[in-house]
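Descriptive structure summary
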Amino acid sequence: MTLLRVLLAVFLPCAALSSHAEPTTLLRIQGSNTIGAALAPALVEGLLRKQGFDALVRQPGAEENELILLARTPDGQQVRMTIAAHGSSTGFRALREGRADLAAASRPARDSEVQALAGRSDLRSAVAEQVIAIDGLAIIVHPTNPLRSLTIDQLAALFSGKLRNWRQVGGEDAPVRLYARDDRSGTFDTFNELVLAPRGDALASTAQRFESNDRLAEAVLKDPHGIGFVGLASVGSARALAVSSGGAQALPPTPDSIATEDYPLARRLFLYQVPGDADPWAQALLDFTQGPEGQRIVEQVGFVGQNLRLVPVQADPRMPAAYRDLARSARRLSVNFRFHEGSAQLDNKALRDLERVRDHVRETGAQLVLVGFGDTKDDPARARLLSRLRAETVRQALFRAGVTAVQTLGIGDDLPVADNRDPAGRLRNRRVEVWVR
């Protein structure tokens, strides 16, 4: 029996056989506006088309940022899937209360949200928590703004109201006007976690708040003195600034810098499920999204997919010698392996990426070089050892997956991508790059 027949048998009761019956709801998604505005609808439609559904129609829901997707099954029955995109926190609440089959989130689940569902599921397990795309919080300004880059410290000072004039960060003599997402938004939570909170700052009360990324970007585009933050897919005609952290090179939010999560404000986009609820359509959407077709849709919508590609790296005299030689003789893949906080265990994204790297090796016959990095330690030799051990951890995991042609290299605390003074920055610096020969 095909997947489609199984799903229809489960979700299309006899009552739905009447052409006058109310459409059967197959799947309910609630949560992040970043995901729900365009990405979730596109993924759902991609799954439905792959399963042979047609006559796809989008209808507005009862409130703004809500959507109903109607479709017709191969047997001629009308079905629907619903999406409510009011912020990441609303998705976890709906999942807990049984009003959603999937929670869309532009940030990881909080401890309180994990605890609220502890009796039914471990939201941090690899089955429940799935990274579906990589995004970058783009810092946007009006196209006429002369600035090209800002540091994380400058961003914190601007958005907390400590700096109120563009001249204080190298711009023109004009007041700074702030635009920010609302408190229910995972986009705001990410910005707060990466920019404001580590410096003991809070968002200035003068900031205008928005439920929608697109509405915020439209407001900045009308204000020559405005600055805001949105997901990469919502930049539109505004200009995204390059951002630097902890003395590292300022990077713009490009597909390459976001795919590797080297861009300081890169973030992961998630779908969460409660596996014990055994929702076949939720699992079908997750499987489709993780596959090559789903990841191509991620890229078409404007986010960064997880399908592997080569990332250009120019050899630079400032690089450590071993790394500079690698840049000359090998090519980097668009993936970094990272670890659970305070652990030597690979995180949930890394577990999926093992499969992608394995498949790449099988298809190309490439030999791998794993390059480990770390945060600053009192003893540089210890930093190098730990970075090498991280690379060895990935090598062993790949060996278990059937990949044997692997070398390892430990760089230590050189080439940081984040601020080592910040716990979140230290965690980002503990990474393993993948290079191919």
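To be clear, the structure that these remarks concern was listed above.
Residues numbered from 1 in each chain as written. Predicted model: local features only at pLDDT ≥ 70, side-chain atom pairs only at ≥ 80, totals over all residues. Heavy atoms only, no water.

**What about helix H4 (residues 88–96)?**
A large share of H4 lies buried, amounting to seven of its nine residues. Of the positions making up H4, those classed as buried are Ser 88, Ser 89, Thr 90, Gly 91, Phe 92, Ala 94 and Leu 95. Elements in contact with the buried residues of H4: strand E1 (24–31), strand E5 (102–105), helix H5 (111–116), helix H7 (186–196) and strand E13 (266–272). One or two steps after H4, the chain reaches Gly 98, where phi turns positive at roughly 75°. (Buried < 20%, exposed > 50% of the residue type's maximum accessible area, 1.4 Å probe, protein only. Helix = DSSP H or I, 4+ residues; strand = E, 2+ residues; numbered from the N terminus. Contact = heavy atoms within 4.5 Å.)

**Here we look at the sheet that holds strand E16 (residues 368–372)**
Backbone hydrogen bonds are what pair the strands of a sheet, in a parallel or an antiparallel way. Pairing is mixed across the open sheet formed by five strands, whose spatial order is E14-E15-E18-E16-E17. Two strands bound the open sheet, and with one partner strand each, they are strand E14 (310–311) and strand E17 (406–410). Across five bridges, E16 lies against strand E18 (residues 431–436) in antiparallel orientation. Bridging from a neighbouring strand, Leu 370 pairs with Val 434 of E18. (Pairing = 2+ DSSP bridges.)

**Regarding the nonpolar core**
In terms of nonpolar packing, the biggest core is built from 51 residues, with Leu 155, Phe 159, Ile 227 and Leu 265 touching the most fellow members. Here this core takes six residues from helix H6 (residues 152–159), the largest share from any one element. Residues in contact with Phe 159, not counting those within four places in the same chain, are Leu 178, Tyr 179, Phe 191, Leu 196, Ala 202, Leu 203, Ala 204, Ile 227, Gly 228 and Phe 229. (Core = buried A, V, L, I, M, F, W, Y, C linked by side-chain atoms within 4.5 Å.)

**Here's the deal with the pattern of salt bridges**
In this structure the tally under the stated criterion is 36 salt bridges. The salt bridge involving Asp 223 is made with Arg 177; its shortest N-O contact spans 2.8 Å. Here Arg 177 lies in strand E8 (residues 177–181) and Asp 223 lies in the loop between helix H8 (213–221) and strand E10 (226–231), a separation of 46 residues in the sequence. By relative accessible area, Arg 177 is classed as partly exposed at 36%. Among the salt bridges present, the one from Asp 353 reaches Arg 356, with a minimum N-O distance of 3.0 Å. Highlighted residues: Asp 353 and Arg 356, both in helix H13 (residues 348–364), separated by three residues, approximately one helical turn. Of the two residues examined, Asp 353 and Arg 356, each falls in the buried class. (Salt bridge = Lys/Arg side-chain N within 4 Å of Asp/Glu carboxyl O.)

**Focus on the packing of helix H10 (residues 280–290) against helix H11 (residues 292–301)**
Helix-helix packing is described using two parameters, namely the angle between the two axes and the distance between the axes. Two elements in contact, H10 and H11, have axes whose closest approach is 4 Å; the angle formed by their N-to-C orientations is 75°. When the interaxial angle is binned, H10 and H11 end up roughly perpendicular. In this structure, H10 uses Phe 288, Thr 289 and Gln 290 to contact H11, whose residues at the interface are Pro 292, Glu 293, Gly 294, Gln 295 and Ile 297. (Axes fitted to C-alpha atoms, helices over the stretch in contact; angles between N-to-C directions. Parallel < 35°, antiparallel > 145°, perpendicular 65-115°, else oblique.)

**Side note on the environment of Pro 253**
Relative to the elements of secondary structure, Pro 253 occurs in the loop between strand E12 (242–244) and helix H9 (255–259). Under the relative-accessibility criterion, Pro 253 is labelled buried at 12%. Between the C-alpha atom of Pro 253 and that of Leu 241, which follows or precedes it by 12 residues, the distance is 7.9 Å. If we ignore the near neighbours within four places in the chain, the residues touching Pro 253 are Ala 138, Leu 232, Ala 240, Leu 241, Ile 258 and Tyr 263.

Geometry only, nothing functional implied.
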